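# Descriptive analysis of the structure
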Amino acid sequence: LYPQHPINIGTPPSPHKFDISRMGSDPVIESKCSAWTDSGNIPSAKLRGLNEAIFYFSFLPPQTEKILVMAHAVHPQKSETLAEYYYRTNGHLLGDVKLMEFHPTTNTMRLIAARQAISN
(Lines give C-alpha, C1' and ligand atoms only; values in the text may rest on other atoms or scores of the structure.)
Protein backbone atom coordinates (compact mmCIF):
# COMPACT_ATOMS: atom_id res chain seq x y z
CA LEU A 1 0.00 0.00 0.00
CA TYR A 2 1.04 3.53 -0.68
CA PRO A 3 1.12 5.88 2.28
CA GLN A 4 -1.09 8.93 2.14
CA HIS A 5 1.16 11.93 1.86
CA PRO A 6 -0.75 15.18 2.43
CA ILE A 7 -0.42 17.58 -0.49
CA ASN A 8 -0.81 21.31 0.04
CA ILE A 9 -3.55 22.73 -2.16
CA GLY A 10 -5.21 26.12 -2.47
CA THR A 11 -4.27 29.60 -1.31
CA PRO A 12 -3.35 29.78 1.47
CA PRO A 13 -2.06 26.21 1.21
CA SER A 14 -3.89 23.58 3.21
CA PRO A 15 -2.90 19.89 3.40
CA HIS A 16 -5.24 17.43 1.67
CA LYS A 17 -4.91 13.65 1.82
CA PHE A 18 -5.78 11.93 -1.43
CA ASP A 19 -6.40 8.17 -1.26
CA ILE A 20 -3.03 7.44 -2.86
CA SER A 21 -0.26 10.01 -3.04
CA ARG A 22 3.48 9.94 -2.57
CA MET A 23 5.73 12.89 -1.89
CA GLY A 24 6.99 14.33 -5.16
CA SER A 25 5.68 11.48 -7.28
CA ASP A 26 2.84 10.66 -9.65
CA PRO A 27 0.15 9.50 -9.80
CA VAL A 28 -2.31 10.99 -7.34
CA ILE A 29 -5.37 8.78 -7.01
CA GLU A 30 -8.78 9.23 -5.47
CA SER A 31 -11.14 6.23 -5.33
CA LYS A 32 -14.89 6.11 -4.83
CA CYS A 33 -17.17 3.14 -4.24
CA SER A 34 -20.64 4.26 -5.28
CA ALA A 35 -23.59 2.33 -6.66
CA TRP A 36 -26.95 3.01 -8.24
CA THR A 37 -29.74 3.14 -5.65
CA ASP A 38 -31.74 -0.08 -5.20
CA SER A 39 -34.52 1.36 -7.35
CA GLY A 40 -32.05 2.40 -10.09
CA ASN A 41 -31.97 6.07 -9.29
CA ILE A 42 -28.87 8.24 -9.43
CA PRO A 43 -26.93 8.50 -6.15
CA SER A 44 -26.81 12.30 -6.32
CA ALA A 45 -24.87 12.87 -3.09
CA LYS A 46 -22.24 10.33 -4.13
CA LEU A 47 -21.82 12.05 -7.51
CA ARG A 48 -21.30 15.36 -5.73
CA GLY A 49 -18.47 13.63 -3.87
CA LEU A 50 -16.92 12.77 -7.24
CA ASN A 51 -17.21 16.41 -8.30
CA GLU A 52 -15.51 17.43 -5.05
CA ALA A 53 -12.62 15.06 -5.81
CA ILE A 54 -12.27 16.64 -9.28
CA PHE A 55 -12.20 20.06 -7.59
CA TYR A 56 -9.34 19.00 -5.29
CA PHE A 57 -7.45 17.60 -8.29
CA SER A 58 -7.71 21.01 -9.97
CA PHE A 59 -5.27 22.46 -7.43
CA LEU A 60 -2.49 20.04 -8.41
CA PRO A 61 0.15 21.07 -10.95
CA PRO A 62 -0.92 20.37 -14.55
CA GLN A 63 1.86 17.83 -15.10
CA THR A 64 0.59 15.67 -12.21
CA GLU A 65 -1.11 12.45 -13.28
CA LYS A 66 -4.55 12.57 -11.66
CA ILE A 67 -6.72 9.45 -11.55
CA LEU A 68 -10.27 9.08 -10.28
CA VAL A 69 -11.21 5.42 -9.80
CA MET A 70 -14.83 4.36 -9.49
CA ALA A 71 -16.03 0.91 -8.51
CA HIS A 72 -17.81 -1.05 -11.25
CA ALA A 73 -21.53 -0.51 -10.52
CA VAL A 74 -24.36 -1.86 -12.65
CA HIS A 75 -28.14 -1.96 -12.27
CA PRO A 76 -30.50 -4.29 -14.14
CA GLN A 77 -32.57 -1.32 -15.35
CA LYS A 78 -29.57 0.61 -16.71
CA SER A 79 -27.63 0.17 -19.93
CA GLU A 80 -24.47 1.81 -18.59
CA THR A 81 -22.30 1.52 -15.52
CA LEU A 82 -22.31 4.33 -12.98
CA ALA A 83 -18.83 5.39 -14.18
CA GLU A 84 -20.09 5.59 -17.78
CA TYR A 85 -23.09 7.60 -16.61
CA TYR A 86 -20.85 9.95 -14.63
CA TYR A 87 -18.64 10.52 -17.66
CA ARG A 88 -21.63 11.13 -19.95
CA THR A 89 -23.19 13.69 -17.60
CA ASN A 90 -20.13 15.24 -15.90
CA GLY A 91 -17.23 14.49 -18.25
CA HIS A 92 -16.82 18.19 -18.97
CA LEU A 93 -15.57 18.62 -15.38
CA LEU A 94 -12.74 16.09 -15.67
CA GLY A 95 -10.18 18.26 -17.44
CA ASP A 96 -6.94 16.24 -17.37
CA VAL A 97 -8.22 13.73 -14.79
CA LYS A 98 -8.29 10.11 -15.93
CA LEU A 99 -11.51 8.31 -15.05
CA MET A 100 -11.12 4.59 -14.47
CA GLU A 101 -13.47 1.84 -13.37
CA PHE A 102 -12.37 -1.00 -11.09
CA HIS A 103 -14.17 -4.33 -11.34
CA PRO A 104 -13.66 -6.05 -7.96
CA THR A 105 -14.81 -9.50 -9.13
CA THR A 106 -12.29 -9.71 -11.98
CA ASN A 107 -9.74 -7.43 -10.29
CA THR A 108 -9.41 -5.40 -13.50
CA MET A 109 -9.32 -1.71 -14.35
CA ARG A 110 -10.95 -0.13 -17.38
CA LEU A 111 -10.16 3.33 -18.70
CA ILE A 112 -13.36 5.33 -19.16
CA ALA A 113 -11.85 8.68 -20.16
CA ALA A 114 -8.47 10.38 -20.39
CA ARG A 115 -7.31 13.69 -21.78
CA GLN A 116 -3.72 14.83 -21.76
CA ALA A 117 -2.64 17.73 -19.61
CA ILE A 118 -2.12 20.97 -21.50
CA SER A 119 1.50 22.13 -21.41
CA ASN A 120 2.27 25.83 -21.15
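Use the structure listed above.
First things first, this report covers the structure right here in the doc. (Residues numbered from 1 in each chain as written. Predicted model: local features only at pLDDT ≥ 70, side-chain atom pairs only at ≥ 80, totals over all residues. Heavy atoms only, no water.)

## As for the side chain of Lys-66
The following threshold applies: Numbering of helices and strands starts at the N terminus; helices are DSSP runs of H or I of at least 4 residues and strands are runs of E of at least 2. We call two residues in contact whenever any of their non-hydrogen atoms come within 4.5 Å of each other.
Assignment of secondary structure puts Lys-66 in strand β5 (residues 66–71). Those residues in contact with Lys-66, other than ones at most four positions away along the chain, are Val-28, Phe-57, Leu-60, Pro-61, Asp-96, Val-97 and Lys-98.

## A closer look at the pairing of strand β4 (residues 25–32)
Filter applied, for reference: At least two DSSP bridges between two strands are needed for those strands to be called paired. Note on handedness: a clockwise path from strand one over the helix to strand two, with the strands aimed away from the viewer, defines a right-handed crossover.
With two bridges joining them, strand β3 (residues 20–22) and β4 adopt antiparallel strand pairing. The partner of Ile-20 across the bridge, within β4, is Ile-29. Relative to β5, β4 is paired through five bridges, and the arrangement is parallel. Paired with Glu-30 across the bridge in β5 is Leu-68. One crossover worth recording links β4 to the parallel β5 by way of helix α1 (residues 44–57), and it is right-handed.

## Details of the nonpolar core
Selection criterion: Each nonpolar core is a collection of buried residues, namely Ala, Val, Leu, Ile, Met, Phe, Trp, Tyr and Cys, held together in the definition by side-chain atoms within 4.5 Å. Partly exposed residues are those whose accessible area sits between 20% and 50% of the maximum for their type, while under 20% is buried and over 50% is exposed, using a 1.4 Å probe and protein chains only.
By size, the foremost hydrophobic cluster in this structure holds 23 residues, and its most contacted members are Phe-57, Leu-68, Tyr-86 and Leu-99. Every element with two or more residues in this core is listed here: β1 (7–9), α1, β5, α2 (82–90), β6 (97–103) and β7 (108–113). The dominant element in this core, judged by the number of residues it contributes, is α1, at five residues. Beyond its immediate sequence surroundings of up to four residues, Phe-57 is in contact with Phe-18, Val-28, Ile-29, Glu-30, Lys-66, Ile-67, Leu-68 and Val-97.

## Some remarks on the pattern of salt bridges
Short version of the rule: Any Lys or Arg side-chain nitrogen found within 4 Å of a carboxyl oxygen on Asp or Glu counts as a salt bridge.
This model, assessed by the stated rule, comprises six salt bridges. The closest approach of N and O atoms between Lys-98 and Glu-65, which form a salt bridge, is 2.7 Å. Of the two residues, Lys-98 is situated in strand β6 and Glu-65 in the loop between α1 and β5; the sequence distance between them amounts to 33 residues. Residue Glu-65 is classed as partly exposed on the basis of its relative accessible area, which comes to 28%. When the shortest N-O distance is used, the salt bridge between Glu-80 and Arg-88 registers 2.6 Å.

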